[in-house]
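Report on the structure
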Amino acid sequence: MNQVGKGLASGKIILMGEHAVVYGKPAIALPFKQAMIETNIIKTENATEIDCIYFQGKLEQAPLVLDGIKNLIVNTLKFLERPNFGLSITIHSNLPAQRGLGSSAAVSVSIVRALFDVFEVTLQDFDLKDLVAHAERIHHINPSGLDVNVIAAGQAVLFQRDHAIQALNVAMDAILVVADTGSMGKTREAVKRVNTLFKKNPERISKGLERLETLTLDTLNFLSNNDIQGLGKSMSEAQQILSQFDISNPQLDTLITTALEAGALGAKITGSGMGGCMIALCSDVETSTTVSKALRQAGAKDLWTLDLKDVK
Ligand code: PMV
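In this text, all values refer to a predicted model and were calculated from it rather than measured experimentally.

The rules behind the values
Within each chain, residue numbers correspond to sequence positions counted from 1 in written order. Where local features are concerned, this predicted model is filtered to residues with pLDDT of at least 70; where side-chain atom pairs are given and counted, the filter is 80 or more; whole-chain, interface and lining totals use all residues. Side-chain numbers come from the whole structure's heavy atoms, not from hydrogens or water. Only the stretch in contact is used when fitting a helix axis, every axis being a line fitted to C-alpha atoms; angles between N-to-C directions are given from 0 to 180 degrees. Helix numbers and strand numbers start at the N terminus; a helix is a DSSP run of H or I with at least 4 residues, a strand a run of E with at least 2. Comment on the angle field: the value is read as roughly parallel under 35 degrees, roughly antiparallel over 145, roughly perpendicular from 65 to 115, and oblique elsewhere. Handedness of a crossing is defined here by the sense of rotation of the near helix relative to the far one, left-handed for an anticlockwise turn of less than a right angle and right-handed for a clockwise turn. Contacts between residues were defined by any pair of non-hydrogen atoms, one from each residue, lying within 4.5 Å. Residue polarity follows a fixed list, in which Ala, Val, Leu, Ile, Met, Phe, Trp, Tyr, Cys and Pro are nonpolar, Asp, Glu, Lys and Arg are charged, and the others, Gly among them, are polar. Each residue is tested against the molecule or strand, and it is near if at least one of its non-hydrogen atoms lies within 4 Å. Identification of polar contacts relies on pairs of N or O atoms within 3.5 Å, with a donor-acceptor requirement for protein atoms, meaning one able to donate a hydrogen and the other able to accept it, and with residues adjacent in sequence counted only if both atoms are side-chain atoms. Pairing between two strands is assigned when DSSP locates at least 2 bridges connecting them.

**Observations concerning the packing of helix H6 (residues 202–225) against helix H7 (residues 228–244)**
At their nearest, the axes of H6 and H7 sit 10 Å apart, and the two run at 160° to each other. Relative to H7, H6 is oriented roughly antiparallel. In the packing of H6 onto H7, the handedness of the crossing is left-handed. Residues Arg204, Gly208, Arg211, Leu212, Leu215, Thr219, Phe222 and Leu223 of H6 pack against Gly230, Leu231, Ser234, Glu237, Ala238, Ile241, Leu242 and Gln244 of H7. Among the residues making up the contact of H6 with H7, the classes are represented as 8 nonpolar, 5 polar and 3 charged.

**Remarks on the site of the ligand**
With respect to spatial proximity, 15 residues lie near the ligand, and among them Lys12, His19, Ser144, Thr187 and Ser272 are the closest. Within the side chain of Asp147, a nitrogen or oxygen atom sits 3.3 Å from an oxygen atom of the ligand. Contacts to the ligand include Thr187, whose side-chain N or O atom sits 2.8 Å from an oxygen atom. A breakdown of the residues in the shell around the ligand according to their chemical character gives 4 nonpolar, 8 polar and 3 charged.

**Comments concerning the sheet that holds strand S8 (residues 175–180)**
Pairing within the open sheet is antiparallel, and its 4 strands lie in the order S9-S10-S8-S11. Every interior strand has two partners, whereas the edge strands, strand S9 (266–270) and strand S11 (302–307), have only one. Sheet twist, expressed as the average angle between the axes of neighbouring strands with direction ignored, equals 20°. With 5 bridges connecting them, S9 and strand S10 (residues 277–282) associate as antiparallel partners. Residue pairing for S10: Gly266 is matched across the bridge by Leu281. Seen against the sheet, H7 touches S8, S9 and S10 and runs at an angle of roughly 45° to S9. On the sheet, helix H9 (residues 285–297) packs against S8, S10 and S11 and is oriented at approximately 10° with respect to S8.

Here you go:
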């Protein structure tokens, strides 16, 4: 057994198809390696302890917000047939939590990887996804599984419930600017909100979901044909639909309008919405610099750029 176990995981960005993916439609997501989670685990003689931004202390005394993680650790140790091991678990993150960048799934993936590492057990992809999916069901109602799949794969994917995931080669001459509103996204609430609208007006919402499906499938073509104009237009149309689903908010709207006025080809929410992050597609580095500056002035709390030429 290793004395120290280590597990890494990146965040994720949903390029197209959030919310629709909950209803069985396809979605495209990219790994977001600018922000990572690292879990380190040391074997101890004492009760298992955890050190993360929310809590430092005995795992059994961890607050409600860590219920998913607590469950994940207990289940993983059971799976590994080491249920009573004393461990010191430290989680470092530069991935902001609850911003639509996949932090909850990334924390879970890094913990499972670190636990398997400390016990020197080979981790199968299927077991990783299964253990993490269980924790995700505690965080969210009815998670589609998109976050777990893209983060576990560590590469761009086309994901659809009950279908094999498809790895994508993204090599587009464009830069994606990611901006954080600084307010927390609300995945549970946003998914519930869309569901309530769906029940109230199934025809209208189904139409929106179908259009999002078409935009996602179009995006596959745009990615393979390096069609940045097409992708930009589709992103903005997707944003209109997501706004009709009532999951945008004034902060997101301001950042999206600002990015478009500063020269972005398209802009939209990424993730659940109701806070969190937006993404803007820019044709080159110069435009992405102008867009980033404008977004900062308009109140973005954090900014990153992702070169779509080289998504690995
Ligand atoms: O905001 P996030 O990172 O939790 O992403 C949510 C994506 C949704 O499609 C809204 C929900 C899901 O389960 O796929």
